[in-house]
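Summary of the model geometry
Residue-level listing of the chains:
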Amino acid sequence: MVVILFLTGTVSQYLARKGSHHFEYDFRLLSGAAGLIYGYTFILPVALWGALRWFGSSSADLIECWALYGYANLIWIVVALVSWSPLTALNWALVGVGFGWTVFFLLRNLYPVLSATDMKTSKILLIVVIVLHAALAIAIKVLFFA
């Protein structure tokens, strides 16, 4: 996913600057993609698992949290492959579809674990999951396909 974000972000930048001057690769995109995706996929599930353990969910498993976030992020590969078009509205729509799909996947699979906590805590954790995932979607759009 990191390499595909870098490559499609580079193609998007090339198409946006085509003909203006000599194009140079921006390797900050590669390190940015690595930091964003690895940070989101590895650190956030650990934080969620810790919060679930803190609030008393005995069914929370760290490996399952990592797997859910990893599988949820697979759709971003497809979004990245089709989001290099110069049509900004189309790119936003594709990122929105990717966001919706991944949030549905996460919530469908996390809800049984989150509901093991009390109602108020589970609602707060669901909102946090959605907000952080929206931040990921916006970061992908702005950093790689602006």
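Source: prediction; values computed, not measured.

**So, helix α3 (residues 62–72)**
Here α3 has its buried residues at Leu62, Cys65, Leu68, Tyr69 and Ala72. Seen from one end, α3 has its buried residues packed into an arc of 125°, which puts them on one side. Exposed side of α3, more than 90 degrees from the buried face: Ile63 and Tyr71 are the residues found there. The secondary structure elements touched by the buried residues of α3 are α2 (28–54), α4 (75–82), α5 (88–114) and α6 (119–145).

**Considering the packing of α3 against α5**
Where α3 meets α5, the closest approach of the two axes is 9 Å, and the angle between their N-to-C directions is 160°. Relative to α5, the element α3 lies roughly antiparallel. Relative to α5, the crossing made by α3 is right-handed. Contacts between α3 and α5 pair Leu68, Tyr69, Tyr71 and Ala72 from the former with Thr102, Phe105, Leu106, Asn109 and Leu110 from the latter. Its residues assigned to classes, the contact of α3 with α5 comprises 7 nonpolar, 2 polar and no charged.

**Details of the packing of aromatic side chains**
According to the stated counting rule, one finds 3 aromatic pairs in the structure shown. Between Tyr40 and Tyr69, the ring centres sit 5.5 Å apart and the planes meet at 65°, which makes this aromatic pair edge-to-face. Of the two residues, Tyr40 sits in helix α2 while Tyr69 sits in helix α3, which places them 29 residues apart along the sequence. Across this residue pair, the class does not change: Tyr40 and Tyr69 are buried. Geometrically, the ring pair formed by Phe42 and Trp66 is edge-to-face, given 6.4 Å between the ring centres and 70° between the ring planes. In this pair, Phe42 sits in helix α2 while Trp66 sits in helix α3, placing the two residues 24 residues apart along the sequence. On the accessibility criterion, Phe42 (43% relative accessible area) is partly exposed.

Here is what the cut-offs are and how they apply
- Residues numbered from 1 in each chain as written.
- Predicted model: local features only at pLDDT ≥ 70, side-chain atom pairs only at ≥ 80, totals over all residues.
- Heavy atoms only, no water.
- Buried < 20%, exposed > 50% of the residue type's maximum accessible area, 1.4 Å probe, protein only.
- Helix = DSSP H or I, 4+ residues; strand = E, 2+ residues; numbered from the N terminus.
- Arc of directions from axis to C-beta.
- Contact = heavy atoms within 4.5 Å.
- Axes fitted to C-alpha atoms, helices over the stretch in contact; angles between N-to-C directions.
- Parallel < 35°, antiparallel > 145°, perpendicular 65-115°, else oblique.
- Left-handed = near helix turned anticlockwise from the far one by under 90°.
- Nonpolar A, V, L, I, M, F, W, Y, C, P; charged D, E, K, R; others polar.
- Phe/Tyr/Trp six-rings, centres within 6.5 Å; stacked < 30°, edge-to-face > 60°.

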